[in-house]
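Coordinate inspection notes
Chain by chain, the residues:
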Amino acid sequence: LRVVKFRRTGESSRSDEDGISGEHEIQIEGVRTELEPVELEDGAAVPKEFANPTDDTFMVEDAVEAIGFGKFQWKLSVITGLAWASNDAMEMMILSILAPQLHCEWRLPSWQVALLTSVVFVGMMSSSTLWGNISDQYGRKTGLKISVLWTLYYGILSGFAPVYSWILVLRGLVGFGIGGVPQSVTLYAEFLPMKARAKCILLIEVFWAIGTVFEVLLAVLVMPTLGWRWLLILSALPLLLFAVLCFWLPESARYDVLSGNQEKAIATLKRIATENGAPMPLGKLIISRQEDRGKMRDLFTPHFRWTTLLLWFIWFSNAFSYYGLVLLTTEFFQAGDVCSISSRREEVKAKCSLTCEYLTEEDYTDLLWTTLSEFPGVLVTLWIIDRIGRKKTMALSFLVFSFCSLLLFLCIGRNVLTVLLFIARAFISGGFQAAYVYTPEVYPTATRALGLGTCSGMARVGALITPFIAQVMLESSVYLTLVVYSGCCLLAALASCFLPIETKGRGLQESSHKEWGQEMVGRGSHSPGVTRSNSGSQE
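Basis of the calculations
Residues numbered from 1 in each chain as written. Predicted model: local features only at pLDDT ≥ 70, side-chain atom pairs only at ≥ 80, totals over all residues. Heavy atoms only, no water. UniProt positions renumbered as here; feature names shortened; annotations may be inferred. Helix = DSSP H or I, 4+ residues; strand = E, 2+ residues; numbered from the N terminus. Buried < 20%, exposed > 50% of the residue type's maximum accessible area, 1.4 Å probe, protein only. Contact = heavy atoms within 4.5 Å. Areas by Shrake-Rupley, 256 points an atom, 1.4 Å probe, with all protein chains shown as cover. Salt bridge = Lys/Arg side-chain N within 4 Å of Asp/Glu carboxyl O. 1 Å grid on protein atoms, 1.4 Å probe; cavity = no way out; pocket = protein on both sides within 12 Å on 5 of 7 lines; lining within 4 Å. Points joined across faces, edges and corners; volume = space filled by probe spheres on them. Nonpolar A, V, L, I, M, F, W, Y, C, P; charged D, E, K, R; others polar. Domains from an automatic or database assignment. Axes fitted to C-alpha atoms, helices over the stretch in contact; angles between N-to-C directions. Parallel < 35°, antiparallel > 145°, perpendicular 65-115°, else oblique. Left-handed = near helix turned anticlockwise from the far one by under 90°. Polar contact = N/O pair within 3.5 Å; in protein donor to acceptor, adjacent residues only side chain to side chain. Core = buried A, V, L, I, M, F, W, Y, C linked by side-chain atoms within 4.5 Å. Expected span 1.5 Å × (residues − 1). Patch = residues over 30% accessible without salt bridge, like charges linked within 9 Å, V, L, I, M, F, W, Y side chains within 5 Å. pLDDT = per-residue confidence, 0-100. Disulfide = S-S within 2.5 Å. Phe/Tyr/Trp six-rings, centres within 6.5 Å; stacked < 30°, edge-to-face > 60°.

If you look the protein up in an unreviewed UniProt entry, it shows as Synaptic vesicle 2-related protein from Chloroceryle aenea. Reading the Subcellular location (unreviewed entry) entry of the UniProt record for the protein gives the comment "Cytoplasmic vesicle, Secretory vesicle, Synaptic vesicle membrane".

Dropping the structure here:
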């Protein structure tokens, strides 16, 4: 017979024991409930009638840990990954391909080219908090479905934009929809057992890398023949597949518990247990209804204030540096090397301020190689994040990116340039992935979507500013541009070290710190003679 054990911290295990029949054991930080009398630390025994498992209680965290990782999570991984690949990665990668094309075709000055990129991030920045609030108030699945359909609609319309002003507005509306994509991570994380959470969220980022690579390959095939309009339309179509698969997605059981929908939460947990072929824990599911969800003030309580402010800067720096590097890659490849950029800019100004260059086949090839750096970035982060922790992983990623940025000061050839850009992009994408692991873990369920949404919003502020550094400031001084990116990442590395909470080995919190203690004390009252606290002590 399978014996299921789970702890309040979230660790779970299953084992087969010979000679035991019909017995279930539930452990919550040392508090044990069995069919037989239970020995306490002082030698006293709890009567059998109080040890009946059907009188015990469990939380969603306990059920998720007991059921474990299985077929349900594999399906959810593919669907969540599709959201990342189609809704975020492909739409973001378009920016570095579309900008030089429209610069030449519509004879746009550099500030209008930068604005075309920035307007997407304006939309994302303005909507990220809104999508987080919707997900906390009305459900993770609801917010995700609306944002995907929104992006699909305006993504296709972008391909029919007749003039610059139209594509500026439509791409801004696309960005508004993309702002809801991070909520797929919130939904995904809330179905994952603790031991698998970091690895799974990081592996989901592989789909981001797949999306960027697919977009470059699509551009290679489409741009020379059909042009940028068909590229925009075809890039939006994978969202249609995700919109259909959304009907399979369940709502988060953690959200259902907080919204007081016990029956729906139990039905979801039973569905997961059935698909995984695992038993449900015995007892009654605790409902901790919380009407006041998704409020901005909850991010600035004394327990979370410092964490929130530091995370905002970390997310800002991640996006500022990552998207800056994506845009710089195109500029560097067109120039040949860093030292050629200044001379090339002077020649361009001497001829005409609107002189441009289309991306060549060699540019697309090098863009593909640097895009492939997303994969080793995932592998490196996957290897270190559970060894050195989330905070140190983010700090290391920022430091390596900063060091590679400084090496670009040297007059290096195209091959060495490609290698440095490859390493820098691998580590800054790894830092982004570590932030996506850390942020849902550090906030409780009542504010998890909002916390991730506001962090994503701050990331979009960084992405909004970065085109004016990577494309406009670059015209004045390539070295000043590199100093800005390097310095920003050094400060972000320090911010990562100063984060007050390390979430490695910690279960997802259901409610705020104060409420959590009250909840666990109340939980103990179900079994007379045994008092249960957050630390799992017995009295």
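Glancing now at the overall build of the protein. Within the protein one finds 20 helices and eight strands. Among the 539 residues that make up the protein, the fraction classed as buried is 60%. At a minimum sequence separation of 6, the contacts of the protein that also span at least 24 residues come to 80%. Taken as a whole, the protein presents about 20500 Å² of accessible surface, with 65% of it coming from carbon and sulfur.

Here we come to the pattern of salt bridges. Oppositely charged side chains can form a pair if their charged atoms are brought close together. Within this structure, the stated rule accounts for seven salt bridges. Note that Arg271 and Glu275 form a salt bridge whose closest N and O atoms lie 3.4 Å from each other. Of this pair, Arg271 and Glu275 both sit in helix α11 (residues 262–276), separated by four residues, roughly a single helical turn. Of the charged contacts, one joins Arg390 and Asp386 as a salt bridge, the two residues approaching to 2.7 Å between their closest N and O atoms.

With that out of the way, let us pick up empty space enclosed by the protein. Here the structure, examined in full by the defined rule, presents nine cavities of 30 Å³ or more. Space inside the largest cavity adds up to approximately 130 Å³. For the largest cavity, the full set of lining residues is Trp84, Asp88, Glu205, Trp208, Tyr322, Tyr323, Glu374, Ser429, Phe432, Gln433, Tyr436 and Arg460. In terms of residues, the lining of the largest cavity owes the most to one element, helix α17 (residues 414–442), which gives four residues. Residues belonging to the lining of the largest cavity are distributed by class as follows: six nonpolar, two polar and four charged. Residues lining the lining of the largest cavity come from more than one domain, with at least three contributed by each of domain 1 (53–290) and domain 2 (292–337 + 356–505).

To continue, consider the packing of helix α2 (residues 71–105) against helix α7 (residues 194–222). Running from N to C, α2 and α7 cross one another at 45°; their axes reach a closest spacing of 7 Å. In this view, α2 runs oblique relative to α7, as classed from their interaxial angle. Crossing angle aside, the handedness with which α2 passes α7 is right-handed. By residue class, the composition of the contact of α2 with α7 is 17 nonpolar, five polar and three charged.

Attention now goes to the side chain of Thr308. Relative to the elements of secondary structure, Thr308 occurs in helix α12 (residues 305–335). Judged by relative accessible area, which is 0%, Thr308 ranks as buried. A polar contact of 2.8 Å, which involves the side chain of Thr308, links it to the side chain of Tyr443. When neighbours within four sequence positions are excluded, Thr308 is seen to be in contact with Leu299, Phe300 and Tyr443.

The biggest cluster of nonpolar side chains holds 127 residues, and the ones touching the most others in it are Met92 and Trp315. Counting only domains with at least three residues in this core, you end up with domain 1 (53–290) and domain 2 (292–337 + 356–505). Those residues in contact with Trp315, other than ones at most four positions away along the chain, are Phe432, Ala435, Tyr436, Thr439, Leu452, Cys455, Ser456 and Ala459. In terms of nonpolar packing, the next biggest core, distinct from the first, is built from nine residues, Val60, Ala63, Val257 and Leu285 among them.

Compared with the 27 Å implied by 1.5 Å per residue over 19 residues, the 27 Å span of helix α4 (residues 140–158) between its first and last C-alpha is a close match. Turning to α4, its buried residues number three or more, namely Arg140, Lys141, Gly143, Leu144, Ser147, Val148, Thr151, Leu152, Tyr154, Gly155 and Ser158.

Taken N-terminus to C-terminus, the directions of helix α15 (residues 374–388) and α17 make an angle of 50°; their axes are 8 Å apart at the nearest point. As judged from the angle between their axes, α15 and α17 are oblique. Here α15 runs over α17; the crossing is right-handed. For the pair formed by α15 and α17, the contact residues are Glu374, Pro376, Gly377, Val378, Val380, Thr381 and Ile385 on the first element and Phe422, Arg425, Ala426, Phe427, Ser429, Gly430, Gln433, Ala434 and Val437 on the second. Here the contact of α15 with α17 is built from residues that sort into nine nonpolar, five polar and two charged.

Once that is clear, we can look at a nonpolar patch on the surface. A grouping of Trp306, Leu309, Leu491, Leu494 and Phe498 is seen on the molecular surface, where their side chains present a nonpolar patch of about 550 Å² in accessible area. Breaking the nonpolar patch down by element, the ones donating at least two residues are α12 and α19 (478–498). In terms of residue count, α19 provides more of the nonpolar patch than any other element does, three residues in total. Following the sequence through the fold, Trp306 ends up in helix α12. Judged by relative accessible area, Trp306 falls into the partly exposed class, the value being 49%.

Attention now goes to the confidence of the model for the protein. Confidence in the prediction of the protein, expressed as mean pLDDT, is 74, and 76% of residues score 70 or more. Counted against residues more than four places away or in other chains, residues 346–354, with its pLDDT under 50, gives seven contacts.

Per the stated rule, a full pass over the model turns up zero disulfides. In this structure Cys489 is a free cysteine whose sulfur lies 5.6 Å from that of Cys488, the closest cysteine sulfur available. For Cys489, a relative accessible area of 0% corresponds to the buried category.

Given two aromatic rings, one states the distance between the centres and the angle between the planes to describe the pair. Counted according to the given criterion, the structure contains 20 aromatic pairs. Taking 6.0 Å as the distance between ring centres and 65° as the angle between the ring planes, the aromatic pair formed by Trp131 and Phe176 counts as edge-to-face. Of this pair, Trp131 sits in helix α3 (residues 110–138) while Phe176 sits in helix α5 (residues 164–178), placing them 45 residues apart in sequence. On the basis of an interplanar angle of 40° and a centroid distance of 5.6 Å, the ring pair of Phe304 and Tyr443 is categorised as tilted. Of this pair, Phe304 sits in the loop between β8 (284–285) and α12 while Tyr443 sits in the loop between α17 and α18 (445–476); the two residues are 139 residues apart in sequence, bridging distant segments of the chain.

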